[in-house]
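Here's the letter readout for the chains.
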Amino acid sequence: MAAPVMDTCHVSCCANHTPNVVSWGRGGLIAFGTCNSVALYNPQVLIFTACAVCSGHSGPVCAVDAMSLSSSQLLVASASSDSSVKLWTCSSDTGKIGSMFIIKVIITSLAVPVLACGGDDSRVHLYVQLNGQFQRFLTLTGHEDWVRCVEWATKDGELWLASCSQDCLIRVWRLFAKTATEPDQQTDAVIKMKENVFQVSGDEFAVTLETVLAGHENWVYGIHWQPPCVKGDSVDQPLKLLSASMDKTMILWGPEEDSGMWVELVRVGEVGGNTLGFYGCQMSPDGFMILAHAFHGALHLWHCDSNQVRLWRPSVVISGHFNAVQDLSWDPEGEFIITVGSDQTTRLFTPWTRNGCSEITWHEISRPQIHGYDMQCLTMVGRFQFVSGADEKVLRVFKAPRNFVENFANISCTSLEKLLGSDLPEGASTPALGLSNKAVFQGMNPLNSLPPTEDDLLQNTLWPEVQKLYGHGFEMFCLASDSERTVVASACKASKPEHAAILLWSTTSWKQLQSLPSHSLTVTQMAFSPNGCLLLAVSRDRTWSLWRRGNPDSDTEASFSLYANTSKDTAVHARIIWSCDWSSDSKYFVTSSRDKKVIIWGHCGSGVRVGECEGESVTPCSSVLDVGDSATAVSICPYLCSDKSYLLAVGLENGTIVLYKWRPSEDLFSGADWSRCGETDACQSHTLTVKRLRWRPRPGRAGHGGNEEQAWVQLASAGADHVVKIFNIKISAL
């Protein structure tokens, strides 16, 4: 089998903000739900996979658990907001139980499968499988609010069940087999817990309340027993229970050796910040790492030294957006990417080489902007400065603080003197009721050479906001900057021509330079030509416009005038034009549309750059490429293939990214000028719409060095499935 053309270099994502969506397997893999996919984290490789689909619920599924009935049969329990619990085998569902809203289900075995369900009636319901059907045999009461999670553990032939609730309490129950009748006379006074006695398959069992754990100050959403460990020829189940709460803490509980009383052993969590608490928790198979997932999907990882079991430290972990990623941009040197998403955050990712490890991994090292509106677009205006737009009428300009530049220099092994500018603030902070990041000029220390933890990302990696730009009448939609980073173009949502005008801004004075009216509906994307002479815009009105700069060499700030455009009568695209891009030589530009068409434009046959051939019109230079689905993103690689053809990446609405080579040809009808040279497979593709594609502006792979790097290019993609991906492509082999 041939090696794939596109090799996945990095995947950034986080857990869905829903309870109990993360699981840590005995093999060491962490599985979590992200958007409508399941991610497996190891923690340096991410893949997405699905083995089977069980359909039958009429509402969203909120809890799943499974157990092996035999070496070849699996029993799966699922709970849904349709107020039902379904039991599944490999072939079909075995039954349906319940009439209450079940929040968590968990299965274990007591000669026969036993199912525990916690629901909105504040009770824990126990079911056993008899004659092929699950029958309720016991209800455990005590909680005073919704039961959010239940977990089984087995120790010395007894079952231990933990339950947690919105009443802020955790209750631990013990289920055991009844022995011979105890004598009536006792030599010592003993306090006996109330027993709930029941029979299963002729054997008598009892359930007692072992303890009630009070330590959290808010709803307890998740609990997890420490995984069993192998000791010699036996398997030992430690009686240690981990809990996660909306009070932003996790607690590890366990009984004291002398008294047997359950106490708090370890407490970890967040202090301050502007987030809500934890939705669930897990523990590694060896018991030396604990993981929580937060309300906004972030994973929080702590580890302890085997010699200091009470000392837990935060660890580096994967991170990403928890809503659709709308836009991304490489820095001009191609050493990091910045992304914006509907989760109201701007995030910065860069490669990092761990000490003693040759493999390079990507990590989020800064969260420059945490906003109150959904983010929509951004553009870089320098190495450490960018403009962002959101679902508001204001554009905001951000500049990197000194502590970020120092941390970036440490992680990327770059000379600090080369990166530092003058008058850089130390950091930034967000006022309690404000939307603007304020500069902090002293009192903040730079981070070390490790990627920051989630706590640091939230509180210590903001960039100061240095400017606000007012001028648009509706929410921002797209941004672009020229190659010299002197002009920024912006456009907002529009349903009328007067609102669809493009605004131009000076990056030195941040004053509005010009308004460019042409389109009648929202401008969806813009791109400056690499030579800085032309601005291309595409729109929902199915047309494109091309604006030429007056005199870029003059001392005065240049003006743009309409050079070429299509109208409703001359438009080739029949639907919304979603995306556009330029070739690196400024000879051609490309448009992609909802009509599934990709077209390359220019001065056909002239061989000159667009705008430099007076009297020559701008027309299609390629045959119409039908990509089979709505073409939502397109980007031209800045470097030619070995056969001197142009390499294009096209992102589709179904999540696939396809690579095409295009060579200029006089025959625009045969389609021979296009050749398909690669595409993402099922694991590499996004599961929802590809929102943006960007090639790295330099050849090679970020973080790598050496002459052989000239053979590689990198492509970054952003998707509506909350995921950012980076692909390595060996352009010399195409």
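In this text, all values refer to a predicted model and were calculated from it rather than measured experimentally.

**Student:** In this structure, what is going on with the overall build of the protein chain? I would like to understand it.
**Tutor:** The number of helices and strands found in the protein chain is three helices and 58 strands. Carbon and sulfur atoms make up 48% of the accessible area of the protein chain, which totals about 31400 Å².

**Student:** Is there a simple way to think about the packing of aromatic side chains in this case?
**Tutor:** Aromatic ring pairs are reported here in terms of the distance separating the ring centres and the angle at which the planes meet. For the structure shown, the criterion picks out 26 aromatic pairs. Consider the rings of Phe384 and Phe404, whose centres lie 5.9 Å apart with planes at 75 degrees: the pair is edge-to-face. Pair noted here: Phe384 is in the loop between strand E33 (375-380) and strand E34 (385-390) and Phe404 is in helix H1 (residues 402-412), with a separation of 20 residues, a long-range link. Phe404 carries the same exposure label as Phe384, and that label is buried. Between Tyr588 and Trp662, the ring centres sit 5.0 Å apart and the planes meet at 80 degrees, which makes this aromatic pair edge-to-face. With a gap of 74 residues between them, Tyr588 in strand E48 (residues 588-593) and Trp662 in strand E54 (residues 657-662) connect regions that are remote in the sequence. By the ring-pair criterion, three or more aromatic residues cluster together here, those being Phe336, Phe384, Phe386, Phe398, Phe404, Phe408 and Trp463. Sitting above the plane of the Trp712 ring, Arg701 keeps its charged end 4.5 Å from the centroid.

**Student:** It is not clear to me how the UniProt feature "repeat: WD" (unreviewed entry) in the protein chain should be interpreted in this structure. Could you clarify?
**Tutor:** When the UniProt feature table is mapped onto this chain, "repeat: WD" (unreviewed entry) is found at residues 57-88, 140-175, 318-349, 516-547 and 570-601. Across residues 140-175, helical content stands at 0% and strand content at 69%; the span's end C-alpha atoms are separated by 12 Å. As annotated, residues 570-601 has a helix share of 0% and a strand share of 53%, and its two end C-alpha atoms lie 13 Å apart.

**Student:** Even after reading the chapter, I still don't get the sheet that holds strand E46 (residues 560-565), so can you show me in this structure?
**Tutor:** Backbone hydrogen bonds hold the strands of a sheet together, and the pairing may be parallel or antiparallel. Taken in spatial order, the four strands line up as E43-E44-E45-E46 in an open sheet, and their pairing is antiparallel. Only two strands of the sheet have a single partner each, and these edge strands are strand E43 (523-528) and E46. Between one strand axis and the next, the sheet turns through 25 degrees on average, direction left out of account. Pairing of strand E44 (residues 534-539) with strand E45 (residues 544-549), which is carried by five bridges, proceeds in the antiparallel orientation.

**Student:** Where do I start with the pattern of salt bridges in this structure?
**Tutor:** Oppositely charged side chains can form a pair if their charged atoms are brought close together. Under the defined criterion, the tally for this structure stands at 27 salt bridges. The residue Asp391 makes a salt bridge to Lys493 at a minimum N-O spacing of 3.7 Å. Taken together, the residues Asp391 in the loop between E34 and strand E35 (394-399) and Lys493 in the loop between strand E40 (487-492) and strand E41 (502-506) connect sequence positions 102 residues apart. On the accessibility criterion, Lys493 (32% relative accessible area) is partly exposed. Overlapping salt bridges bring together Asp343, Arg347, Glu364, Arg367 and Glu454 as one network.

**Student:** How should the state of the cysteines be read in this particular structure?
**Tutor:** Under the criterion given, the structure shown has zero disulfides. Looking at Cys377, it has no disulfide partner, and the nearest cysteine sulfur is the one in Cys478, 6.5 Å off. Cys377 gets classed as buried once you look at its relative accessible area, which sits at 1%.

**Student:** Explain H1 to me, please; I cannot follow it from the model alone.
**Tutor:** Helical periodicity: at 3.6 residues per turn, an α-helix aligns residues three or four positions apart in one direction. Of all eleven residues in H1, eight are buried, a share of seventy percent or more. Residues of H1 that are buried include every one of Asn403, Phe404, Val405, Glu406, Asn407, Phe408, Ala409 and Ile411, and no others. Remark: Cys413 follows H1 within two positions and exhibits a positive phi of approximately 55 degrees.

**Student:** Where do I start with the side chain of Asp167 in this structure?
**Tutor:** Tracing the chain through its elements places Asp167 in the loop between strand E15 (158-165) and strand E16 (169-177). One buried charge, Asp167, has no salt-bridge partner; the nearest side chain with opposite charge is Arg171, at 5.5 Å. A polar side-chain atom of Asp167 sits 2.9 Å from the main-chain amide nitrogen of Leu169. The residues contacting Asp167, other than those within four sequence positions of it, are His143, Glu144 and Asp145.

**Student:** Just to check I follow, could you spell out a positive patch on the surface for this structure?
**Tutor:** Together, Arg540, Arg542, Lys568, Arg575 and Arg594 line one region of the surface with positive charge. Following the sequence through the fold, Arg594 ends up in the loop between E48 and strand E49 (597-602). Among the residues examined, Arg594 registers a relative accessible area of 37% and is labelled partly exposed.

**Student:** Can you walk me through unusual backbone geometry in this structure?
**Tutor:** If a residue is not glycine, its phi is most likely negative; likewise, a peptide bond is most likely trans. Of note, the phi angle at Asp156 is positive, near 55 degrees, even though the residue is not glycine. Among the secondary structure elements, Asp156 is positioned in the loop between strand E14 (147-155) and E15. Positive phi, normally seen in glycine, also occurs at Gln344, with a value near 70 degrees. If you trace the backbone, Gln344 turns up in the loop between strand E30 (337-341) and strand E31 (345-353).

What counts, and at which threshold
Residues numbered from 1 in each chain as written. Predicted model: local features only at pLDDT ≥ 70, side-chain atom pairs only at ≥ 80, totals over all residues. Heavy atoms only, no water. Helix = DSSP H or I, 4+ residues; strand = E, 2+ residues; numbered from the N terminus. Areas by Shrake-Rupley, 256 points an atom, 1.4 Å probe, with all protein chains shown as cover. Phe/Tyr/Trp six-rings, centres within 6.5 Å; stacked < 30°, edge-to-face > 60°. Buried < 20%, exposed > 50% of the residue type's maximum accessible area, 1.4 Å probe, protein only. Lys NZ or Arg CZ within 6 Å of the ring centre and 35° of its normal. UniProt positions renumbered as here; feature names shortened; annotations may be inferred. Pairing = 2+ DSSP bridges. Axes fitted to C-alpha atoms, helices over the stretch in contact; angles between N-to-C directions. Salt bridge = Lys/Arg side-chain N within 4 Å of Asp/Glu carboxyl O. Disulfide = S-S within 2.5 Å. Lys, Arg positive; Asp, Glu negative; His and termini not counted. Polar contact = N/O pair within 3.5 Å; in protein donor to acceptor, adjacent residues only side chain to side chain. Contact = heavy atoms within 4.5 Å. Patch = residues over 30% accessible without salt bridge, like charges linked within 9 Å, V, L, I, M, F, W, Y side chains within 5 Å. Charge placed at Lys NZ, Arg CZ, Asp CG, Glu CD.

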